[in-house]
Amino acid sequence: MRTILLRNIKIPVGNELVEGSILVEDGVIKAISKKTFEADEVVEGSGLTAVPGGIDVHAHVYDPENPEHEDWRSGSLAAAYGGITTLIDMPLRVFVDKPQVALEKIQAARRDSYVNFGLTGGFLNEQNYGAIEELVRLGVKTFKIFTCRPFQASEKGLARIFEKAAEKDVVVIAHAEDEGLLELLESKYRVMNDVLSYHSSRSPGAEAAAIFKLGYYSLETGARLHIAHLSSKEGVEALAFLKSRNLKITAETCPHYLFFTREDSKVHGTFLKMAPTLKTSIDREALWSALEKGIVEVYASDNAPSPRSLKERDVWSAWGGIPNLEIMGPFLFTHGVLKNKISLQTYISVFARNPAKLLGLYPLLGEISVGSLADIVVLNTREPRLISWKTHHHKVDWTPWEGLSFYGHPYHVMVHGELIIERGEIVGKPGTGIYVGELGR
């Protein structure tokens, strides 16, 4: 059996960092100790901190009809440089509601992905909710719905989807914005053809209203509900209220909501267009607080880049989405841990532990423990790394994170015991990742 020793590292144990070594055997953590071991290969950790590899449960990586946005090769490499060792691909435009579509995505990832991968099914509606049963047999654990444009599920559809999700014990991931309020607000703001008006057209109230509605679908059916890309203080408050009812409900937020506000769109224009929209500094701070308090359990990218030409349009027709994979871990470490907004344990929980639990894969994933897969990231906490589209690994030639510097970028990245990044340089190859839908089956 092939063994690798990751030595001279600091391992988070509770609220402390303990110096030690990790012995990996055939891709699995065999031992964790302060002493050293004999091994076929030794990787020097240089006294840096090791954390479980990030798990991104919401990333638009590969769409068969839109490969110019991102693909498994570019997206998974960007993810590795963002401290991510598992990517769950979210549908972009092509519906993932048939086994042949899912199998095409899996095949492409087996060939091209540097990191582990999974799929979310969707977009579900009244006509195709039966796909849950078909896709569960392929290992799909999460399914996307919309309560609004462009893939809105009807009221009748929502009831059927939640019933089927409860029956199969899968997770409904919801884009939660109320369509009626969006229509009302867009009719008011669209006449003002500027970026700030677009952000105002999708209000915190629209988000909170949809969260309340979905929460009661979860309550009535017993289905597991996960709120995607939470963006507002009102959304946090709605979530906290529903959690008090002991619902099976979780939520995620994203780096753009934890950093940018709508005021930044005055500088970045349509390059900061996304949905839900950016809110205010009050919303931003509420989201940070919700992460640390455990009200929001998951940190996800909602990676959704596009060619520059689709962003350089008027705000109402421009593409909504940004490249995020490469900044994920470094951003959270720099603006969360180093700025004392969250603890290192919260970093691990929202970026690895809780996503693994959401997928039913903890502690096989999401933890540095004996018996876990050796998905490990050693963080370079000593030197910052500059973000630029000229050096990032995304497929697009732009980023709203241009010129920012972050600590905590990967020094080493190990994916089920295979070194993908060593001393900051890519050493792995496409096709290393494994399909997590087959784990634990």
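Calculation criteria
Residues numbered from 1 in each chain as written. Predicted model: local features only at pLDDT ≥ 70, side-chain atom pairs only at ≥ 80, totals over all residues. Heavy atoms only, no water. Pairing = 2+ DSSP bridges. Helix = DSSP H or I, 4+ residues; strand = E, 2+ residues; numbered from the N terminus. Contact = heavy atoms within 4.5 Å. Axes fitted to C-alpha atoms, helices over the stretch in contact; angles between N-to-C directions. UniProt positions renumbered as here; feature names shortened; annotations may be inferred. Core = buried A, V, L, I, M, F, W, Y, C linked by side-chain atoms within 4.5 Å. Buried < 20%, exposed > 50% of the residue type's maximum accessible area, 1.4 Å probe, protein only. Domains from an automatic or database assignment.

*Asks:* Residue-level account of the sheet that holds strand β10 (residues 171-175), with values.
*Replies:* Taken in spatial order, the eight strands line up as β6-β7-β8-β9-β10-β11-β12-β13 in an open sheet, and their pairing is parallel. On the outer flanks of this sheet lie β6 (54-59) and β13 (298-299), each paired with one strand and no other. Two strands pair when backbone bridges link them, and strand β7 (residues 84-89) and strand β8 (residues 116-121) are joined in this way by four bridges, in the parallel orientation. Along β8, the bridge assignment pairs Asp89 with Leu119. Contacts from helix α7 (residues 204-221) reach β9 (142-146), β10 and β11 (224-227), with the element oriented near 165° to β11.

*Asks:* Provide a residue-level description of the UniProt feature "domain: Amidohydrolase-related" (unreviewed entry) in the chain, including the pertinent values.
*Replies:* UniProt annotation of "domain: Amidohydrolase-related" (unreviewed entry) refers to residues 50-419 when read in the numbering used here. Secondary structure content for residues 50-419 is 38% helix and 16% strand, while the C-alpha to C-alpha distance between its ends is 14 Å.

*Asks:* Can you break down the nonpolar core residue by residue, with the values?
*Replies:* Counting 95 residues, the largest nonpolar core has Leu87, Ile145, Phe162, Leu214, Ile227 and Tyr347 as the members making the most contacts within it. If one sorts the elements of this core by residue count, helix α1 (residues 72-81) sits on top with six residues. Viewed by domain, this core spans two of them, domain 1 (3-49 + 372-438) and domain 2 (53-359), each represented by three or more residues. Apart from the residues lying within four places of it in its own chain, the contact partners of Tyr347 are Val51, Gly329, Leu332, Phe333, Val337, Ile342, Ala352 and Leu379.

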